[in-house]
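Tertiary structure, described
Residues per chain, in single letters:
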Amino acid sequence: MSTVNSVTTDLDAVVVGAGFAGIYSLQNLRNKGFKTRVYEAAGGVGGTWYWNRYPGARCDIPSLQYSYSFDETLQQEWQWKNKYSDQADILNYANHVVDRFDLRKDIQFDTRIVSAIFDEDHNFWTITTDAGESVTARHFVLATGCLSTSNIPEFEGFDDYQGKAYHSGRWPQEPVDLTGKKVAIIGSGSTAIQAIPAVAELAGHLYSFQRTPQFTIPQHNEPLNPEIEKQIKSRYATYRDENYHSPFAQEVSGNFETNTFDVSDEERTAEYERRWQMGGFAFLVAYADSGSDRVANETIADFVRDKIRGIVNDPALAEKLCPDFVYASKRPVLDTNYFETFNRDNVTLVDIRDNGIERFTETGIRANGINHEVDCVIFATGFDALTGTLNKMEIRGRGGRLLKDKWAEGPKAYLGLCAEGFPNMYVITGPGSPSVLTNMMVAIEQHVNFIADTMVHMRANDQTRIEAKLEAEEPWVAHVSELGHTTLFTAGANWYFGDNIPGKPRVFLPHVDWVGYVEKCEDVVDKNYDGFSLA
Ligand code: N01
């Protein structure tokens, strides 16, 4: 509880969202003596892992890394089953952490925050729920997730369609029985590539509606090797620290000294084969220039296309599955038997590259002049990333200004964390921070630690207001964009730019250099919160 100018707030901090960012915010802030409450729209914790229950949902960061590092006993005790964990295991873990640290009592479920208004005379936020309840707090922490607002494109005739329809990111809590059903999956991104092999095992027939084929690398998931677990756990803190200081905040087997054409064709192909067998995101760092030079990058694209041609039996079908964009200009994907699935008799690729989906009908989806009758449609059509959820709330900062209006031409936040005009408000893994280009667990912990330490600093110095300065925010936004354009992440249409959402301003959202970002944050603190004004 805080008091300033004789105003006492109900809480020190309100946190929106009980995914991994919200859970750790609560744990950390409560530990530091801040009275904190989390509001969560869902009926349980887990965020992304609460909602994304579609068949095949799995993390593509190894379990021993995609987990909290903040508590040594927790990380030693918890046992993962697999090298890469599925949705159910990750959700179990989230629930375990919440119970282990007795956090549930400070989380209000089934409650959506609809507005937050800043009182600039007394430096606090009034936060209102969809039930009309209001609460005041000095600090307002948005742990709302990067991919939490589903994108369901508008399709002609959708209202006529009589079958079932689900978005992957709002999968029902009750089981969905796809056994023997005719199922359509729209999309070919990370979600669809996980769902297609799993649904094909269940469905009578699966139609994959593909607008843009994707590069995907085998994940090679397997039961967690006890020897590797033992070895990592014997030096877990050091291992975490090494990853914290590595590109993308994870263990990378990178070759940062040699360029692609420094080696012979044979040597390069052998290296790519090794990385194909290794799985994971190994291709992005195969050579120093893999992610920045188009010609170098094309050798990866050629290698993967040859793999597709080797896996898919029908040569014409294989060509339809071959992507023709710059590798990693869309988010790289990992799979389990994705291309193999197209050899099954019960799977049909519907190539909509040229004409798109014509319309929904009462019985299914019409494309290329054919009505594909289905019982169920799965929209694997992605998200309004990073800004969608924030812009839906009425967030008013100084002078009653709406965050959505400030961000009308694209999001602006210093360090991707704090927006000028919105004091005492923090966006965890927000636009302009490394977020989706990292191991999110590490990025979350880094942001939460920054916020909690800032609040401690303010408390120690009798300060009640922190705000990003415009003269720090503007160059930061330009820097994020410039840095992005030194890489091939920006070399195509992409949700990193908001290209998937009609009308969304085209701004490159993630900061591409995790290591540089962490150094910058440390430097900001060392220089007494350089770029912020504290009062
Ligand atoms: O969404 P996407 P996603 N008609 O936007 C297609 C994370 N993630 O849910 O490319 C027809 O990538 C669209 O086609 P196109 C990860 O960061 C992580 O798959 O626009 N098709 C595309 O194929 C990922 O990047 C994991 O031509 C339409 C697809 O829908 C992010 O979430 C697992 C269409 C959307 O792909 C989003 O992935 C899953 C239309 N009108 C997701 N509109 C992990 O493993 C869109 N599409 C951790």
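Residues numbered from 1 in each chain as written. Predicted model: local features only at pLDDT ≥ 70, side-chain atom pairs only at ≥ 80, totals over all residues. Heavy atoms only, no water.

The name that an unreviewed UniProt entry assigns to the protein chain is NAD(P)/FAD-dependent oxidoreductase, with the source organism given as SAR86 cluster bacterium.

Side note on the overall build of the protein chain
Scanning the protein chain for helices and strands turns up 16 helices and 22 strands. Expressed along its principal axes, the backbone C-alpha trace of the protein chain runs to roughly 75 × 60 × 45 Å. A total of 535 residues make up the protein chain; the buried ones form 57% of that total. Partitioning the intrachain contacts of the protein chain with sequence separation of at least 6 by distance along the chain shows that 72% fall at a separation of at least 24. Split by element, the accessible area of the protein chain, about 21,500 Å² in all, is 47% carbon and sulfur. The average position of the 50 basic charges and that of the 75 acidic charges among the side chains of the protein chain differ by 3 Å. (Helix = DSSP H or I, 4+ residues; strand = E, 2+ residues; numbered from the N terminus. Buried < 20%, exposed > 50% of the residue type's maximum accessible area, 1.4 Å probe, protein only. Contact = heavy atoms within 4.5 Å. Areas by Shrake-Rupley, 256 points an atom, 1.4 Å probe, with all protein chains shown as cover. Lys, Arg positive; Asp, Glu negative; His and termini not counted. Charge placed at Lys NZ, Arg CZ, Asp CG, Glu CD.)

Re the layout of surface pockets
Considering only enclosed or pocket space, the second largest pocket measures out at about 590 Å³ in volume. When residues of the lining of the second largest pocket are assigned to their parent elements, the largest contribution, 3 residues, is made by helix H6 (residues 226-233). When its residues are assigned to classes, the lining of the second largest pocket shows 13 nonpolar, 8 polar and 5 charged. (1 Å grid on protein atoms, 1.4 Å probe; cavity = no way out; pocket = protein on both sides within 12 Å on 5 of 7 lines; lining within 4 Å. Points joined across faces, edges and corners; volume = space filled by probe spheres on them. Nonpolar A, V, L, I, M, F, W, Y, C, P; charged D, E, K, R; others polar.)

Observations concerning a negative patch on the surface
Together, Asp 513, Glu 519, Glu 522 and Asp 526 make up a negatively charged patch on the protein surface. Inspection of the secondary structure puts Glu 522 in helix H16 (residues 514-526). Of the residues examined, Glu 522 reaches a relative accessible area of 41% and is grouped as partly exposed. (Patch = residues over 30% accessible without salt bridge, like charges linked within 9 Å, V, L, I, M, F, W, Y side chains within 5 Å. Salt bridge = Lys/Arg side-chain N within 4 Å of Asp/Glu carboxyl O.)

Things to note about H6
Along H6, the residues classified as buried are Glu 229, Ile 232 and Lys 233. The buried residues of H6 occupy an angular sector of 95° when projected down its axis, which confines them to one face. Among the exposed residues of H6, those pointing more than 90 degrees away from its buried face are Glu 227 and Lys 230. Buried residues along H6 sit in contact with helix H3 (72-77) and helix H7 (236-244). Sitting at the amino-terminal end of H6 is Asn 225, which places a side-chain oxygen 2.8 Å from the backbone nitrogen of Glu 227. (Arc of directions from axis to C-beta. Polar contact = N/O pair within 3.5 Å; in protein donor to acceptor, adjacent residues only side chain to side chain.)

What to know about the nonpolar core
Residues Ile 185, Val 199, Leu 321 and Phe 489 are the most contacted members of the largest nonpolar core, which totals 62 residues. Both domains that furnish three or more residues to this core are identified here as domain 1 (4-149 + 384-530) and domain 2 (158-378). (Core = buried A, V, L, I, M, F, W, Y, C linked by side-chain atoms within 4.5 Å. Domains from an automatic or database assignment.)

A look at the side chain of Ser 188
The residue Ser 188 is located in the loop between strand S10 (182-186) and helix H5 (190-202) in this model. In this structure Ser 188 touches Ile 193, Phe 209, Gln 210, Arg 211, Thr 212, Gln 214 and Tyr 338, once residues within four positions along its chain are discounted.

Some points on the site of the ligand
Around the ligand, a shell composed of 24 residues is seen, among which Arg 58, Ser 188, Thr 191, Arg 211 and Thr 212 lie nearest. A distance of 2.8 Å is found between an oxygen atom of the ligand and a backbone nitrogen or oxygen belonging to Ser 188. A distance of 2.7 Å separates an oxygen atom of the ligand from a polar atom in the side chain of Thr 191. Classifying every residue of the shell around the ligand by side-chain character gives 10 nonpolar, 9 polar and 5 charged. Counting contributing residues, the shell around the ligand receives three or more from each of domain 1 (4-149 + 384-530) and domain 2 (158-378). (Near = heavy atom within 4 Å.)

Some points on the domain arrangement of the protein chain
Once the domains are mapped, the protein chain shows domain 1 (4-149 + 384-530) and domain 2 (158-378). At the junction of the two partners, domain 1 supplies 47 residues and domain 2 supplies 51 residues. Of all residues in domain 1, Tyr 54, Leu 64 and Leu 488 bury the most surface against domain 2, accounting for 18% of the area lost on that side. Counting every contact that joins domain 1 to domain 2 gives 1 salt bridge. (Buried area = accessible area lost by both parts, 1.4 Å probe.)

Comments concerning the sheet that holds strand S14 (residues 347-351)
Read across the sheet, 5 strands follow the order S9-S18-S10-S11-S14 without closing on themselves; strand pairing throughout is parallel. Edge positions in the sheet fall to strand S9 (164-167) and S14, since each has one partner strand and no second. Ignoring which end each strand starts from, the neighbouring axes of this sheet average 20° apart. Pairing of strand S11 (residues 205-210) with S14, which is carried by 5 bridges, proceeds in the parallel orientation. Residue pairing across strands places Gln 210 opposite Asp 351, the latter belonging to S14. Running at roughly 170° to S10, H5 makes contact with S10, S11, S14 and strand S18 (376-379) of the sheet. (Pairing = 2+ DSSP bridges. Axes fitted to C-alpha atoms, helices over the stretch in contact; angles between N-to-C directions.)

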